[in-house]
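# Architecture at a glance
Here is how the chains run, residue by residue.
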Amino acid sequence: QLARGETLESFRKRIILSDGDEDVAGLQTAGVPSANMLTAFRGAGKYDIAREYLEIEHGNATSRAFLYTPIAANEGGVVRETPATKQWPAVVFGHGLCAPAEFYEHLTTIVSSWGYVVLATDEYSSCDMSAFTRGESVNTTAYTEELERNVMYLLTRPEVNASAVAIAGHSMGGGASLNAAAALQEKAPGLVKAVVAIAPWNGVEPPPSTKVAQVQCPILLFCAVHDSLVPCSGPVTTEVRVGAIRIPFASLIPAMHGQHHGVDWGGGVLAIYENVSESSPAILAVVDEANHLNIVDTDGSRSQQAEAHFSRFLEFE
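For clarity, every value in this text was computed on a predicted model and none was experimentally measured.

We describe a pair of aromatic rings using the distance from one ring centre to the other and the angle between the two ring planes. Summed over the entire model, instances satisfying the criterion amount to three aromatic pairs. Arranged with centres 5.0 Å apart and planes meeting at 85 degrees, the rings of Tyr47 and Trp88 form a pair that is edge-to-face. Residue Tyr47 is found in strand E1 (residues 47–58), and its partner Trp88 is found in strand E4 (residues 88–94); the two are separated by 41 residues along the sequence. Grouping residues by exposure puts Tyr47 and Trp88 together as buried. Measuring from centroid to centroid gives 5.3 Å for Tyr53 and Phe66, while their planes differ by 65 degrees, and the two rings are edge-to-face. Of the two residues, Tyr53 sits in strand E1 while Phe66 sits in strand E2 (residues 61–75), which places them 13 residues apart along the sequence. Neither residue differs from the other here; Tyr53 and Phe66 are each classed as buried. One cation-aromatic arrangement involves Lys86 over Trp88; the distance from NZ or CZ to the ring centre is 4.8 Å.

This is the structure in structure tokens:
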């Protein structure tokens, strides 16, 4: 794992194999930096990856994000460092509301292990939950602009194939990824090659269901049968917890997000899917036995952390 501020080049030089590796001698001779995944989750691909923390300057804005990069291929126990000149397809990933990017590290790690550079923003990840009970909201339009900036930043990196860039996200990040793709289609037609939106929140402004028709690339949407916060369709049934008091979250939506969202986020994920342009291939995958948090998990550990984090103020079904 890269230390904050450490370059990928210095990481390649620093990292060594563990003493318990049976093939240490041969691998060291070949000059391979690592034979171990950063995080060994199920479903991982053949590439070992490096994680780097970045602070990216965009004029008057600064983005803080985690960058995941394939660095070596492990095929049948033979590990080879990837050529420094190789270019990879890339994905910008957007986290959910009040959810740190590290909650999604299992997912971003797995995607990168299949041969992708992944940039996961950590901006807008801290929230004062008491503000929500006062009827205050989050600037989701600014978050969409953050994802747009991240896409443009990836185009400047030499290890990124600029003709193969996608945007993905969960919840707020899912809705914002659709809006960002729509905005970039207007500014740079054809730049974004795909969008993957997991439980996309139709409460992002403007609602993604009103912007998705502008997205001109394949779209993959996921929603969970037991998602009570961002349901596939139908009313929101999550409750806000304030001490011993339980408040239906749906009753706060008009004050926090506007009357136009109703109690079902303007039709929810289904409304987004139904408004996709006929010229854009689209799939809506409905995931059984999943809720708003574990739909983005792979082994249960990260969603447990997320549930512990959010259960302080939200009561899920």
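So that's the structure; there's more coming.
Looking now at the nonpolar core. In this structure, Leu119, Leu154, Ile167 and Leu178 are the most contacted members of the largest nonpolar core, which totals 48 residues. Residue contributions to this core peak at seven residues, all from helix H6 (residues 172–187). Look past the residues within four positions of Leu154 in its chain and what remains in contact with it is Leu67, Ala90, Val91, Val92, Val117, Leu119 and Val160. One finds Tyr68, Val91, Ala168 and Ile295 within the second-largest nonpolar core, a separate group that totals 20 residues.

The next subject is the state of the cysteines. With the rule as written, the count across this model stands at one disulfide. Here Cys223 engages in a disulfide with Cys232; their sulfurs sit 2.1 Å apart. Measuring the twist about the S-S bond at about 100 degrees, one finds the Cys223-Cys232 disulfide to be right-handed. Cys232 gets classed as buried once you look at its relative accessible area, which sits at 16%.

What sets the pattern is the α-helix's 3.6 residues per turn: residues three or four places apart point alike. With 16 residues, H6 should cover 22 Å at 1.5 Å per step; its first-to-last C-alpha distance of 22 Å lies within 8% of that length. Most of H6 is tucked away: 13 of the 16 residues are buried.

So, on to the environment of Ala176. Among the structural elements, Ala176 can be located in helix H6. Spatially, the C-alpha atom of Ala176 lies 7.3 Å from that of Thr140, the residues being 36 residues apart in sequence. Not counting residues within four places of it along the chain, the set of residues in contact with Ala176 comprises Tyr143, Thr144, Leu147 and Val204.

Across twelve bridges, E1 lies against E2 in antiparallel orientation. Looking at E2, one finds that His58 is bridged to Ala61. What sits between the antiparallel neighbours E1 and E2 is a turn of two residues, in which Gly59 has the positive phi angle 65 degrees. Here E2 pairs with strand E5 (residues 117–121) via four bridges, running antiparallel. For Leu67, the partnering residue across the bridge sits in E5 and is Leu119. Where E2 and strand E3 (residues 78–81) come together, four bridges link them in antiparallel fashion.

This brings us to the pattern of salt bridges. Tallied over the entire structure, the rule returns six salt bridges. Between Arg51 and Glu102 there is a salt bridge whose closest N-O contact spans 3.5 Å. A residue pair is termed long-range when its members are at least 10 positions apart, and Arg51 in strand E1 and Glu102 in the loop between E4 and helix H3 (105–113) qualify at 51 residues. Since its relative accessible area comes to 35%, Glu102 is described here as partly exposed. For Glu123, the salt bridge goes to Arg64, with nearest N and O atoms at 2.8 Å. Pair noted here: Glu123 is in the loop between E5 and helix H4 (129–133) and Arg64 is in strand E2, with a separation of 59 residues, a long-range link. Among the residues examined, Glu123 registers a relative accessible area of 12% and is labelled buried. A residue is classified by how much of its surface remains accessible, and Arg64, at 29% relative accessible area, is partly exposed. Here the residues in one salt-bridge network are Arg51, Glu102 and Glu105, joined through shared partners.

Conventions used here
- Residues numbered from 1 in each chain as written.
- Predicted model: local features only at pLDDT ≥ 70, side-chain atom pairs only at ≥ 80, totals over all residues.
- Heavy atoms only, no water.
- Phe/Tyr/Trp six-rings, centres within 6.5 Å; stacked < 30°, edge-to-face > 60°.
- Helix = DSSP H or I, 4+ residues; strand = E, 2+ residues; numbered from the N terminus.
- Buried < 20%, exposed > 50% of the residue type's maximum accessible area, 1.4 Å probe, protein only.
- Lys NZ or Arg CZ within 6 Å of the ring centre and 35° of its normal.
- Core = buried A, V, L, I, M, F, W, Y, C linked by side-chain atoms within 4.5 Å.
- Contact = heavy atoms within 4.5 Å.
- Disulfide = S-S within 2.5 Å.
- Expected span 1.5 Å × (residues − 1).
- Pairing = 2+ DSSP bridges.
- Salt bridge = Lys/Arg side-chain N within 4 Å of Asp/Glu carboxyl O.

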